[in-house]
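Breakdown of the fold
Listed here are the chains, written in short residue letters.
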Amino acid sequence: MSAKSSKEPKRDGKASANEPASEKRLPFEPAQNRKKPPKKAASTVTINAKDDSSDAKSVARKAAAIPEVISRRMARRMAFFCGIPTSLGMLTLVISYIVISQHWYKLPHVAVLLINMGFFGLGVLGLSYGALSASWDEDRLGSWFGWQEFRTNFARLTTSWRSTKEKPDS
């Protein structure tokens, strides 16, 4: 479709009713679809090196990926440690609405807000704690609350942060 065509879609991002679905434009889509210049023919050595590096990257990703057993353990703990405070935060809103609407007690709005924010904040912390309190050893389940695992995993995390911080300076 050329720029001078009468069937060109509107520039405001909205497509007309008689326009085919494939030619509808998104509001953030650029006005012109620029064609990339043709690439120069790459030598076979470059292509082979590229394939080898992509294979190495996929092997490295698989090695760095979290095992399925550990990711499920983390997800369960995150759901528990985040789900309970978040549910209490939502329950706070419902209960405070009932208490105020039935005129049982006059609750200050600030108190309801602070309690609600406290529970939601605990939910956010519960996400982090759930991930760090899970045993990262595939063969070891860990304790119920996971405090020892949290300390071990947090120490690993801070050591990793420090080592990445020191690498550019070396």
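Residues numbered from 1 in each chain as written. Predicted model: local features only at pLDDT ≥ 70, side-chain atom pairs only at ≥ 80, totals over all residues. Heavy atoms only, no water.

**Quick word on the packing of helix α3 (residues 109–133) against helix α4 (residues 147–166)**
Taken N-terminus to C-terminus, the directions of α3 and α4 make an angle of 90 degrees; their axes are 7 Å apart at the nearest point. Classified by the angle between their axes, α3 and α4 sit roughly perpendicular to one another. Side by side, α3 and α4 meet where Tyr-129, Leu-132 and Ser-133 of the first sit next to Trp-147, Glu-149, Phe-150, Asn-153, Phe-154 and Leu-157 of the second. Looking at side-chain class alone, the contact of α3 with α4 contains six nonpolar, two polar and one charged residues. (Axes fitted to C-alpha atoms, helices over the stretch in contact; angles between N-to-C directions. Helix = DSSP H or I, 4+ residues; strand = E, 2+ residues; numbered from the N terminus. Parallel < 35°, antiparallel > 145°, perpendicular 65-115°, else oblique. Contact = heavy atoms within 4.5 Å. Nonpolar A, V, L, I, M, F, W, Y, C, P; charged D, E, K, R; others polar.)

**A closer look at α3**
For α3, which comprises 25 residues, the first-to-last C-alpha distance of 35 Å matches the rise-based estimate of 36 Å (1.5 Å per residue) to within 8%. Residues of α3 that are buried include every one of Val-112, Asn-116, Gly-123, Gly-126, Tyr-129, Gly-130, Ala-131, Leu-132 and Ser-133, and no others. In this fold, the buried residues of α3 make contact with α2 (68–101) and α4. (Expected span 1.5 Å × (residues − 1). Buried < 20%, exposed > 50% of the residue type's maximum accessible area, 1.4 Å probe, protein only.)

**So, unusual backbone geometry**
A positive phi angle is found at His-103, which is not glycine, with a value near 60 degrees. Mapped onto the elements of the fold, His-103 is located in the loop between α2 and α3.

**So, the environment of Thr-86**
Positionally, Thr-86 belongs in helix α2. Sequence separation of Thr-86 and Phe-120 is 34 residues, and the distance between their C-alpha atoms is 5.3 Å. Setting aside residues no more than four positions away along its own chain, Thr-86 makes contact with Phe-119, Phe-120 and Gly-123.

**Points about the packing of aromatic side chains**
Per the stated rule, a full pass over the model turns up nine aromatic pairs. Geometrically, the ring pair formed by Phe-80 and Trp-144 is edge-to-face, given 5.9 Å between the ring centres and 70 degrees between the ring planes. With Phe-80 in helix α2 and Trp-144 in the loop between α3 and α4, the pair connects residues that are 64 residues apart, well separated along the chain. Of the residues examined, Phe-80 reaches a relative accessible area of 37% and is grouped as partly exposed. On the basis of relative accessible area, Trp-144 is assigned to the exposed category, the value being 65%. Joined through ring pairs, the aromatic side chains of Phe-80, Phe-81, Tyr-129, Trp-144, Phe-145, Trp-147, Phe-150 and Phe-154 make up one cluster. (Phe/Tyr/Trp six-rings, centres within 6.5 Å; stacked < 30°, edge-to-face > 60°.)

**Focus on the confidence of the model for the chain**
Low pLDDT marks regions whose predicted coordinates should not be analysed in detail. The share of residues in the chain with pLDDT of 70 or more is 60%, and the mean pLDDT across the chain is 75. Per-residue pLDDT, averaged within each element of the chain, yields its smallest value for helix α1 (residues 44–64) (58) and its largest for α3 (94). A low-confidence stretch, residues 43–47 stays under pLDDT 50, and its non-local contacts, those more than four residues away or across chains, total one contact. (pLDDT = per-residue confidence, 0-100.)

**Details of α4**
Look at α4: 29 Å from first C-alpha to last across 20 residues, which is about the 28 Å you get at 1.5 Å a residue. All of the buried residues along α4 are Glu-149, Phe-150, Asn-153 and Thr-158. Down the axis, α4 shows its buried residues gathered within 155 degrees of arc, on one side only. Exposed side chains of α4 directed beyond 90 degrees from the buried face belong to Arg-162 and Glu-166. Of the surrounding elements, those touching the buried residues of α4 are α3. (Arc of directions from axis to C-beta.)

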